Structures are given as structure tokens and as C-alpha cells.
Amino acid sequence: MTTIAQAGPVRSGLREWPHRLLRPLLRSRVGRRWDVHVRGIGQVPEAGPVILASNHIGWLDGPVTVLTSDRPVHALVKHESFEGNAGRLLRLGAQIKLHRGRTDAGALRSALRVLRAGQVLLVYPEGKRGDGLVHDVYGGTAYLALATGSPVVPVAVIGTREPGAGIETKPSPGQRVDVVYGSPLTFAATPWPRDAASVSATSEKIADAMRAHVQWATETLQRDLPGPPPQQDTFT
């Protein structure tokens, strides 16, 4: 039987032409400001749906991952970010507005639309920025993987926040930033209804893989994560 992950792309995905048009310019600007290194990009399938599941330590995580990817990426982004010039750029790039703290049906539909069209979705399973070690994760990533049969690629981002700095800060100019991709996890598409036990078990597998990948990346690169954000930023 052909699964969603095996099927060819359909025409109902989110627009990607702005990525192809603007990515070279924005990638160059980011590269001039920070020393960006990408490792393991070949782990991301060249075609078909993919979920990038990343740790989350700072403001720059999303932009640097989206801009260094070889494929257009649609990220779930907190709705507060869709303001001003940044918000206009997010909307142009068809990034997905997410209302945290509740089940956002609209964001879920958009995420499913991305994957069913054979596109790439970037998620932060912890739902907030932290120390980067990947602690408690929400079940949304597991649900999306089971609903679509999409592979999940763990991503470790290092260097986007300096020790002691707030979660909205940017690293100093010239700071080294690493984006490291790990081996994909594969899940068979599971017909509805997907019971809570299956989603929970899958979520734990994803969390374990992310933790192991972050540990491997920091040890291999001999780099440290920034530690917990300042107390006032903990729940932002």
C-alpha cells in the first residue's frame, strides 16, 4: 500500500517561491554576521514530507535553520512573532502562526497540509526556548508523524544564545553557530483514530532520539549549550 510519505507531492502545499527567491540574499546576510556551520544536511530526504524536530535555545534558531536548509522549510512560529517587518517576512515565507498554550486547529491543519504536499515542516517539540537539552515534549510532533507517515529528522542547534543571555537576544557578531542534522526516524502512517498511548510512545521515541542527537552533537563538536535562560524568560 502506498503511504502518504511515499506518494508524490500534490498541489495543495504552502507557497515556496519566496524561499527560492529570498534565501540566497538572506543566507548571505546571515553568513556575513555569524560563522554558520551545517553538518549532516544529507540526512534530510531530498523529496517527500519531512519533519525537522529541533532543540530550541534562542531567537536565531528558526531563521538559521530555514536559511541553511537545501529545501524550503515551513516552521511553526509563535503568533507573537507575526508583527512588524518580521511578521511580514514570516507571512511572505508561508510560515505557520501558532497560538501556544492551547490546541491550535488552524496551525495543525496547515502543518498537515505541508506534509501531505511532500514539503518540509520545522517544529520545536518542547514548545519554548530552554537550555537546549530537550526535556518535556508535547505530543504534536508524534501526532503529525503518525498521521502522515513522515520521517522525523532530529536537529541540534548550538551557538544561537550565549550563556546567561535572554531568549530574545542574538549571538555576538562572528559567533559560531552550528546546525546539525541527525538520522531520520521513520514511522508508519497510522489510520485514525490514533490512540493516546500510541502518540505518547511515539513522542517519547522522538524525545529520546533528540536528546541523544544533541548530546552527540555537543560532544562531537566539543561545544557547550548556553544553560537555562534567565528566570524571567523561563516561561516565554
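1. A look at the environment of glycine 130
Piece 1. Within the secondary structure, glycine 130 sits in the loop between strand 5 (120-123) and helix 5 (140-148).
Piece 2. Remark: the alpha-carbon pair of glycine 130 and proline 229, spanning 99 residues in sequence, is separated by 6.2 Å.
Piece 3. Setting aside residues up to four positions removed in sequence, glycine 130 forms contacts with His56, Ile57, Arg161, Gly227 and Pro229.

2. Section: the pairing of strand 2 (residues 50-54)
Piece 1. With respect to burial, strand 2 is a largely interior element, 5 of its 5 residues being buried.
Piece 2. Side chains Val50, Leu52 and Ser54 project from strand 2 onto one buried face, and the interleaved Ile51 and Ala53 project onto a second face that is buried too.
Piece 3. Where strand 2 meets strand 5, 4 bridges bridge the pair, whose relative direction is parallel. Each bridged residue has a counterpart across the sheet, and for valine 50 the counterpart in strand 5 is valine 120.
Piece 4. With 4 bridges joining them, strand 2 and strand 6 (residues 152-158) adopt parallel strand pairing. Residue pairing for strand 6: alanine 53 is matched across the bridge by proline 154.

3. Thoughts on the layout of surface pockets
Piece 1. Looking at the second largest pocket, its volume works out to about 190 Å³.
Piece 2. Residues of the lining of the second largest pocket, tallied by class, amount to 2 nonpolar, 3 polar and 5 charged.

4. Regarding unusual backbone geometry
Piece 1. Phi is positive for alanine 94, which is not a glycine, with a value near 55°.
Piece 2. Tracing the chain through its elements places alanine 94 in the loop between helix 3 (84-92) and strand 4 (96-98).
Piece 3. With relative accessibility at 10%, the residue alanine 94 sits in the buried group.
Piece 4. Even without being a glycine, valine 134 presents a positive backbone phi close to 70°.
Piece 5. Tracing the backbone through its elements, the reader meets valine 134 in the loop between strand 5 and helix 5.

What counts and what doesn't
Counting restarts for each chain: residues are numbered from 1 in the order of the written sequence. Predicted model: local features are reported for residues with pLDDT of at least 70 only, side-chain atom pairs are reported and counted for 80 or more only, and whole-chain, interface and lining totals are derived from all residues. Note that water and hydrogens are dropped before the side-chain values are worked out from all heavy atoms of the structure. Where helices and strands are cited, they refer to DSSP runs of H or I of at least four residues and of E of at least two residues respectively, numbered from the N terminus. Any two residues whose heavy atoms approach within 4.5 Å are treated as being in contact. Summary of the burial criterion: residues with accessible area below 20% of their type's maximum are buried, those above 50% are exposed, and those between are partly exposed, where the area comes from a 1.4 Å probe applied to protein chains only. A pair of strands is considered paired only if DSSP assigns at least 2 bridges between the two. Space inside and on the surface of the protein is sampled on a 1 Å grid over the protein atoms alone, with a cavity defined as a set of points where a 1.4 Å probe fits but cannot get out and a pocket as an open set with protein on both sides within 12 Å along at least 5 of 7 lines; lining residues have an atom within 4 Å of a point. Grid points are joined across faces, edges and corners, and a volume is the space filled by probe spheres set on the points. Under this grouping Gly is polar, as are all residues other than the nonpolar Ala, Val, Leu, Ile, Met, Phe, Trp, Tyr, Cys and Pro and the charged Asp, Glu, Lys and Arg.

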